[in-house]
Amino acid sequence: MSRIGKMPISVPAGVDVKIDNSVVTVKGPKGTLTREFSGSLSIENKDGVISVTRPNDTKMNKSLHGLTRTLIANMVEGVTNGYSKTLEIEGVGYRAAKQGNNLVMNLGYSHQVIMSERDGITIDVPQPNRIVINGIDKQAVGQFAAEVREKRPPEPYKGKGIRYAGERIIRKEGKAGKGKK
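This section reports on the structure supplied with the text. Quick caveat: nothing in here was measured; it's all calculated off a predicted structure. (Residues numbered from 1 in each chain as written. Predicted model: local features only at pLDDT ≥ 70, side-chain atom pairs only at ≥ 80, totals over all residues. Heavy atoms only, no water.)

**Here we look at the overall build of the protein chain**
We apply this condition: Numbering of helices and strands runs from the N terminus, with a helix taken as a DSSP run of H or I at least four residues long and a strand as a DSSP run of E at least two residues long. Atoms considered for the radius of gyration are the C-alpha atoms alone. The globule rule reads 2.2 Å times the number of residues to the power 0.38. We call a residue buried when its accessible area falls under 20% of the maximum for its residue type, exposed when it is over 50%, and partly exposed in between, using a 1.4 Å probe and counting protein chains only. Within this scheme the basic residues Lys and Arg register as positive and the acidic residues Asp and Glu register as negative, but His and the chain ends are omitted. The atom standing in for a charge is NZ when the residue is Lys, CZ when it is Arg, CG when it is Asp and CD when it is Glu.
The number of helices and strands found in the protein chain is two helices and 13 strands. For a compact globule of 181 residues, the expected C-alpha radius of gyration is about 16 Å, and the protein chain comes in at 22 Å, more than 25% above that figure. Of all 181 residues assigned to the protein chain, the portion counted as buried reaches 35%. Positive and negative side-chain charges of the protein chain, numbering 30 and 18 respectively, have mean locations separated by a distance of 11 Å.

Written as structure tokens, this is what we have:
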């Protein structure tokens, strides 16, 4: 039995979970998420506790068991608290600003890099070198944060670029100078 898959998911007050065959809809104070899962697993909601069970121990059902439970738990967490990713910008002249629904970044290129907010994603720039991405869908928040980081990933020599908050960049030593004879 999957250790993660057999753990029950408790549904907090104010969250409504609707299960229609293999489609799960979670509605909460922050919004609504809907996702379709494999039809072979059974998902039940009894007395505010969601449980996922598998019919047999085939390799496919075993691999989907823990995944399905975790995805549903992330949906419940997302509509109650939401998810957030913080990015830090390091480098002289590198900065970000919010203009309307757009994130405008100066990253050392000859042009500004502009990214728009997506559905379910909000961008906040509390400081010129800090970007906070919020949303209810964990996957969408992580994907958008990765796309922002991709615009100027941190380089290993000076550490300039966009990094996740708390991310440690492995630094390299610069080119060794020629010895004098």
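**Some points on the pattern of salt bridges**
Definition in use: Salt bridge, as used here, is a side-chain nitrogen of Lys or Arg placed within 4 Å of a carboxyl oxygen of Asp or Glu.
Going through the model one piece at a time under the given rule, you end up with six salt bridges. With a shortest N-O distance of 3.0 Å, Asp 57 and Arg 54 are connected by a salt bridge. The class of Asp 57 is exposed, set by a relative accessible area of 56%. Note that Glu 117 is salt-bridged to Lys 98, the shortest N-O span being 2.8 Å. You can see Glu 117 sitting in the loop between β10 (113-116) and β11 (121-127) and its partner Lys 98 sitting in strand β8 (residues 95-99), a full 19 residues away along the chain. A relative accessible area of 22% means that Glu 117 is categorised as partly exposed. The class for Lys 98 is partly exposed, based on a relative accessible area of 34%.

**Some words on the sheet that holds strand β2 (residues 16-20)**
Quick reminder of the rule: Here, a strand pair is defined by DSSP locating no fewer than two bridges between the strands. Interaxial angles span 0 to 180 degrees and are taken between N-to-C directions of axes, which are lines fitted to C-alpha atoms, for helices over the stretch in contact.
What the three strands build is an open sheet, ordered β2-β3-β4; its pairing is antiparallel. Edge positions in the sheet fall to β2 and β4 (31-36), since each of these pairs with one other strand and no more. For this sheet, the mean angle separating the axes of adjacent strands, direction not counted, is 10°. When strand β3 (residues 23-28) meets β4, the two strands line up antiparallel, connected through six bridges. Note that in β4 the partner of Gly 28 across the bridge is Gly 31.

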